[in-house]
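One-letter residues, chain by chain:
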Amino acid sequence: RNITEITQKTASVLAQIKTWTQQDVFEWVRSLGVAGMSEFQDVAESKKVKMKIDGRFMEMLIIHPKAKNVIKVLKKLIPAKSDRDKFSLGVKLLRKGILN
């Protein structure tokens, strides 16, 4: 499996992210400038996604970026490829220990 190497900076960001609520994740995604934010929120709160979108989900994205179940959920949450690219860039920054 592809597991991200955890540096000291990444560990400190992970410690913060673990405590995030669903609302914190929405605010972070909104700060990235994802265009379909209302759709993201609707899908995340509906029963279409069987995973809770919170700090644990974000932690999985950072530690296991290639996990199939996470990728499926992401494609449901953010259908537009350009928006997914913005989201992926934000997650890459989190992996490097940069919390924007």
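Okay, so let's go over this structure. As the structure is a computational prediction, the values presented were derived from the model and not from experiment. (Residues numbered from 1 in each chain as written. Predicted model: local features only at pLDDT ≥ 70, side-chain atom pairs only at ≥ 80, totals over all residues. Heavy atoms only, no water.)

### Here we look at the nonpolar core
W28, I53, M58, L77 and F87 are the most contacted members of the largest nonpolar core, which totals 30 residues. Contributions of two or more residues to this core are made by α1 (8-17), α2 (22-32), α3 (37-45), α4 (55-63), α5 (68-77) and α6 (81-95). (Core = buried A, V, L, I, M, F, W, Y, C linked by side-chain atoms within 4.5 Å. Buried < 20%, exposed > 50% of the residue type's maximum accessible area, 1.4 Å probe, protein only. Helix = DSSP H or I, 4+ residues; strand = E, 2+ residues; numbered from the N terminus.)

### Some points on α6
Given a rise of 1.5 Å per residue, 15 residues ought to cover 21 Å, and the 21 Å separating the end C-alpha atoms of α6 matches this to within 8%. Residues of α6 that are buried include every one of D83, R84, F87, G90, V91 and L94, and no others. Projected down its long axis, α6 carries its buried residues within an arc of 120 degrees, all on one side. The exposed residues of α6 that point more than 90 degrees off its buried face are K81 and L89. (Expected span 1.5 Å × (residues − 1). Arc of directions from axis to C-beta.)

### Some points on a positive patch on the surface
Together, K50, K68, K72 and K76 give the surface a local cluster of positive charge. Positionally, K50 belongs in the loop between α3 and α4. (Patch = residues over 30% accessible without salt bridge, like charges linked within 9 Å, V, L, I, M, F, W, Y side chains within 5 Å. Areas by Shrake-Rupley, 256 points an atom, 1.4 Å probe, with all protein chains shown as cover. Salt bridge = Lys/Arg side-chain N within 4 Å of Asp/Glu carboxyl O. Lys, Arg positive; Asp, Glu negative; His and termini not counted. Charge placed at Lys NZ, Arg CZ, Asp CG, Glu CD.)

### Thoughts on the packing of aromatic side chains
In this structure the tally under the stated criterion is three aromatic pairs. Both rings, one in F26 and one in F40, keep their centres 5.8 Å apart while their planes meet at 85 degrees; by these two values the pair is edge-to-face. Of this pair, F26 sits in helix α2 while F40 sits in helix α3, placing them 14 residues apart in sequence. Judged by relative accessible area, F26 falls into the buried class, the value being 0%. Their ring planes at 80 degrees and their centres at 5.5 Å tell us that W28 and F87 sit as a pair that is edge-to-face. Of the two residues, W28 is situated in helix α2 and F87 in helix α6; the sequence distance between them amounts to 59 residues. By relative accessible area, W28 is classed as buried at 4%. Members of the aromatic cluster, joined through ring pairs, are W20, W28 and F87. (Phe/Tyr/Trp six-rings, centres within 6.5 Å; stacked < 30°, edge-to-face > 60°.)

### Observations concerning the pattern of salt bridges
Applying the stated rule across the entire model yields two salt bridges. E59 is the salt-bridge partner of K18, the closest N and O atoms lying 3.7 Å from each other. Of this pair, K18 sits in the loop between α1 and α2 while E59 sits in helix α4; the two residues are 41 residues apart in sequence, bridging distant segments of the chain. Judged by its relative accessible area of 49%, K18 falls in the partly exposed class. In this structure E59 comes out as buried when scored by relative accessible area, which is 16%.

### Regarding α3
Regarding α3, the residues found buried are M37, F40, Q41, V43 and A44. Taken down its axis, α3 places every buried residue within 170 degrees of arc, on the same side. Projecting away from the buried face of α3 at angles above 90 degrees are the exposed residues S38 and D42. Among the structural elements, α2 and α5 are those in contact with the buried residues of α3. (Contact = heavy atoms within 4.5 Å.)

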